[in-house]
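Commentary on secondary and tertiary structure
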Amino acid sequence: LSATQAVTTAENVLKQLILRNKSAADWSTRVKPTDEPSLAATPINLKDALAEAFANRPELNVLRVQQDINKIDTQFFKNQTLPRVDLQTTVFKYGLAGSLVPLTNATTTSPLPADVVGGYGQALRNITGLNTGTISVGAAIQIPLHNKTAKANLATARSQGEQLIATIQSQEQAVEVDVRNAVQGVDTSQRQLSTARAA
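Figured I'd write up the structure that's included with this text. (Residues numbered from 1 in each chain as written. Predicted model: local features only at pLDDT ≥ 70, side-chain atom pairs only at ≥ 80, totals over all residues. Heavy atoms only, no water.)

1. A few points about the overall build of the protein chain
Each helix and strand counted, the protein chain has five helices and two strands in total. Going residue by residue from the N terminus, the α and β elements of the protein chain occur as α-α-α-β-α-β-α. Rg of the C-alpha trace for the protein chain: 40 Å, well past the compact-globule value of 16 Å for 199 residues, more than 25% over. If one aligns the C-alpha atoms of the protein chain with their principal axes, the spans along those axes are about 130 × 55 × 35 Å. Residues counted as buried form 12% of the 199 residues belonging to the protein chain. A sequence separation of at least 24 residues applies to 76% of the contacts in the protein chain between residues at least 6 apart. As displayed, the protein chain has an accessible area near 16000 Å², and 58% of this comes from carbon and sulfur atoms. A gap of 5 Å separates the mean positions of the 19 positive and 16 negative side-chain charges of the protein chain. (Helix = DSSP H or I, 4+ residues; strand = E, 2+ residues; numbered from the N terminus. Rg over C-alpha atoms; globule rule 2.2 N^0.38 Å. Buried < 20%, exposed > 50% of the residue type's maximum accessible area, 1.4 Å probe, protein only. Contact = heavy atoms within 4.5 Å. Areas by Shrake-Rupley, 256 points an atom, 1.4 Å probe, with all protein chains shown as cover. Lys, Arg positive; Asp, Glu negative; His and termini not counted. Charge placed at Lys NZ, Arg CZ, Asp CG, Glu CD.)

2. A word on the environment of Ser136
Topologically, Ser136 is positioned in strand S2 (residues 134–142). Assessed through its relative accessible area of 34%, Ser136 is described here as partly exposed.

3. Description of a nonpolar patch on the surface
On the surface, a nonpolar cluster with roughly 460 Å² of combined accessible area is contributed by Val13, Leu14, Leu17, Ile18 and Val31. Residue classification places Leu17 among the exposed residues on the basis of a relative accessible area of 70%. (Patch = residues over 30% accessible without salt bridge, like charges linked within 9 Å, V, L, I, M, F, W, Y side chains within 5 Å. Salt bridge = Lys/Arg side-chain N within 4 Å of Asp/Glu carboxyl O.)

4. Observations regarding the pattern of salt bridges
As enumerated under the stated definition, the model contains six salt bridges in all. One salt bridge connects Glu11 with Arg30, and the closest N-O pair in it is separated by 3.8 Å. Taken as a pair, Glu11 in helix H1 (residues 2–18) and Arg30 in the loop between H1 and helix H2 (46–56) lie far apart in primary sequence, 19 residues in all. Its relative accessible area of 12% is what places Glu11 among the buried residues. Residue classification places Arg30 among the exposed residues on the basis of a relative accessible area of 70%. What emerges from the salt-bridge pattern is a single network uniting Arg57, Glu59 and Asp178.

5. Overview of the nonpolar core
Counting residues in each nonpolar core, the largest one holds six residues, listed as Leu50, Ala53, Leu60, Val175, Val179 and Val183. Those elements that provide at least two residues to this core are H2 and helix H5 (148–198). Here the element with the most residues in this core is H5; it accounts for three residues. Contacts of Leu60, omitting those with residues within four sequence positions, involve Ala53, Phe54, Ile168, Gln171, Glu172 and Val175. (Core = buried A, V, L, I, M, F, W, Y, C linked by side-chain atoms within 4.5 Å.)

6. Here's the deal with helix H3 (residues 58–80)
Here H3 contains 23 residues, and its C-alpha end-to-end distance of 33 Å stays within 8% of the 33 Å for a straight helix at 1.5 Å per residue. Within H3, the full set of buried residues consists of Leu60, Leu63, Asn70, Thr74 and Phe77. Tucked inside the fold, the buried residues of H3 contact H2 and H5. (Expected span 1.5 Å × (residues − 1).)

7. Thoughts on the layout of surface pockets
By volume, the largest pocket is sized at about 210 Å³. As for the largest pocket, its lining consists of Thr4, Val7, Thr8, Glu11, Arg30, Val31, Lys32, Pro33, Glu36 and Pro37. Here the residues of the lining of the largest pocket are counted per class, giving four nonpolar, two polar and four charged. (1 Å grid on protein atoms, 1.4 Å probe; cavity = no way out; pocket = protein on both sides within 12 Å on 5 of 7 lines; lining within 4 Å. Points joined across faces, edges and corners; volume = space filled by probe spheres on them. Nonpolar A, V, L, I, M, F, W, Y, C, P; charged D, E, K, R; others polar.)

See the structure below:
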């Protein structure tokens, strides 16, 4: 009788989801499942069930992703407390070229380098070559003597990492309890079924 009541309640919930209004004729019809439940007693492997739960539970996956993010943050903040060396290189290329225009009042003219004498083609060759241009190389060194902000960020990230480890352990324990209770419930239901069959 209890099982019949549970089936009727499930049918009413299903009809509420399917039917559009309370005057539909299908309220009085019985829902017949397309397949029947398997009543064979199949033992459940607790070890496999726990492994599957630990691999697929979304709350554990979220915590693992947060743990990966925390490891990256910890490494980043640790790097912020270390000395820093930046190398900088700048290359300027000049496309200069043209012809020499003599000055009317000048008595002497200084000869120009051959690289800058010519037309548009010589200007393009100067851009692609190494004859004209400037190369500058520099280095900037930063040594953090009292970088309290970086140290505080690192301490915060490490503390959050420890909290995540504790949260993951607690959640894994809750998952283990859920799986063990479910396996025990299935086992109890199978025994009740065999007892009912015997009766």
